[in-house]
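Chain and residue survey
Now for the letters of each chain:
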Amino acid sequence: QVQLVESGGGLVQAGGSLRLSCAASGGTFSDYTMAWFRQAPGKEREFVAVITRGGDMSKYDDSVKGRFTISRDNAKNTVYLQMNSLKPEDTAVYYCAARLGLVRTTAVSFGSWGQGTQVTVSS
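In what follows, the accompanying structure is described. Predicted model, so just to flag it, every value in this text is computed and none were measured. (Residues numbered from 1 in each chain as written. Predicted model: local features only at pLDDT ≥ 70, side-chain atom pairs only at ≥ 80, totals over all residues. Heavy atoms only, no water.)

1. Remarks on the pattern of salt bridges
Our working definition: Whenever Lys or Arg places a side-chain nitrogen within 4 Å of a carboxyl oxygen from Asp or Glu, that contact is recorded as a salt bridge. Put simply, DSSP marks the helices as runs of H or I at least four residues long and the strands as runs of E at least two long, and each gets a number from the N terminus on. Here the term buried applies to any residue with accessible area under 20% of the maximum for its type, exposed to any over 50%, and partly exposed to those in between, with areas from a 1.4 Å probe on protein chains only.
Under the criterion given, the structure shown has 4 salt bridges. With its nearest N and O atoms 3.0 Å apart, the salt bridge here joins K65 to D62. Of the charged contacts in the structure, one is a salt bridge between D90 and R67, with a shortest N-O distance of 2.7 Å. Here the residue D90 occupies a position in the loop between β8 (78-83) and β9 (92-100), and R67 occupies one in the loop between β6 (58-60) and β7 (68-73), the gap between them amounting to 23 residues. Its relative accessible area of 1% is what places D90 among the buried residues. Residue class for R67 comes out buried when judged on its relative accessible area of 11%. Several salt bridges converge on common partners, so that one network encompasses R38, E46, R67 and D90.

2. Considerations on the state of the cysteines
For clarity, the threshold we go by: When two cysteine sulfur atoms lie within 2.5 Å, the pair is treated as a disulfide.
Within this structure, the stated rule accounts for 1 disulfide. What pairs with C22 in a disulfide is C96, and their sulfur atoms sit 2.1 Å apart. On the sign convention where negative is left-handed, the bridge of C22 and C96, at about -75° about the S-S bond, is left-handed. Residue C22 is found in strand β3 (residues 18-25), and its partner C96 is found in strand β9; the two are separated by 74 residues along the sequence. A residue is classified by how much of its surface remains accessible, and C22, at 0% relative accessible area, is buried. For C96, a relative accessible area of 0% puts it in the buried group.

3. Focus: the side chain of D90
This is how it is decided: Under the rule applied, a polar contact is a pair of N or O atoms within 3.5 Å (in protein, one hydrogen donor and one hydrogen acceptor; residues adjacent in sequence only if both atoms are side-chain atoms). Contact criterion: two residues are considered in contact whenever any of their non-hydrogen atoms come within 4.5 Å of each other.
A distance of 2.8 Å separates the side chain of D90 from the backbone nitrogen of K87, its partner in a polar contact. Not counting residues within four places of it along the chain, the set of residues in contact with D90 comprises R38, R67, F68, S85, V119 and V121.

4. Things to note about the environment of A49
Summarising the element assignment, A49 is placed in strand β5 (residues 46-51). We classify A49 as buried; its relative accessible area is 0%. Separated by 31 residues in sequence, A49 and Y80 place their C-alpha atoms 10 Å apart. In this structure, A49 is in contact with M34, A35, W36, K59, Y60, I70 and L81, ignoring residues within four places of it in sequence.

5. So, the packing of aromatic side chains
Under the convention used in this document: Stacked, tilted and edge-to-face pairs are distinguished by plane angle, under 30 degrees for stacked and over 60 for edge-to-face with tilted covering the rest, among Phe, Tyr and Trp rings (Trp via its six-membered ring) whose centres lie within 6.5 Å. When the NZ atom of lysine or the CZ atom of arginine is within 6 Å of a ring's centre and also within 35 degrees of its normal, the charge is said to sit over that ring.
Per the stated rule, a full pass over the model turns up 5 aromatic pairs. Between F110 and W113, the ring centres sit 6.5 Å apart and the planes meet at 65°, which makes this aromatic pair edge-to-face. Residue class for F110 comes out buried when judged on its relative accessible area of 4%. With a relative accessible area of 26%, W113 lands in the partly exposed category. Taken together, the aromatic side chains of F37, F47, Y95, F110 and W113 make up a single cluster linked through ring pairs. Between the NZ or CZ atom of R45 and the centre of the ring of Y95, over which it lies, the distance is 3.7 Å. For the cation-ring pair, R72 lies above F29, with the distance from its terminal atom to the ring centre recorded as 4.4 Å.

Here you go:
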């Protein structure tokens, strides 16, 4: 089972940018489809972005399309989420997740999770 540790969260003004990182260990990173989810207070965890094992294909929730970019570096066992043009509604705890197998966008499909990193966007 792969272990995941997120970093890069923080407080940013609306319109600003942040880059989240998720470092993986304990498994063969290139075997895993990787994703980012987020959870705002009082809301369910929601899909943000997913990337294939080789990094050749990605999918995004409509709410972040054109603003966020997911990428991965299999040599560094790390997946990234570049977040631009941030909005107050992007405020949430962001989680990195991993699964063996094909791309999925539901949280229940992912078996490994990080502890989360807080992103707060002020207006």
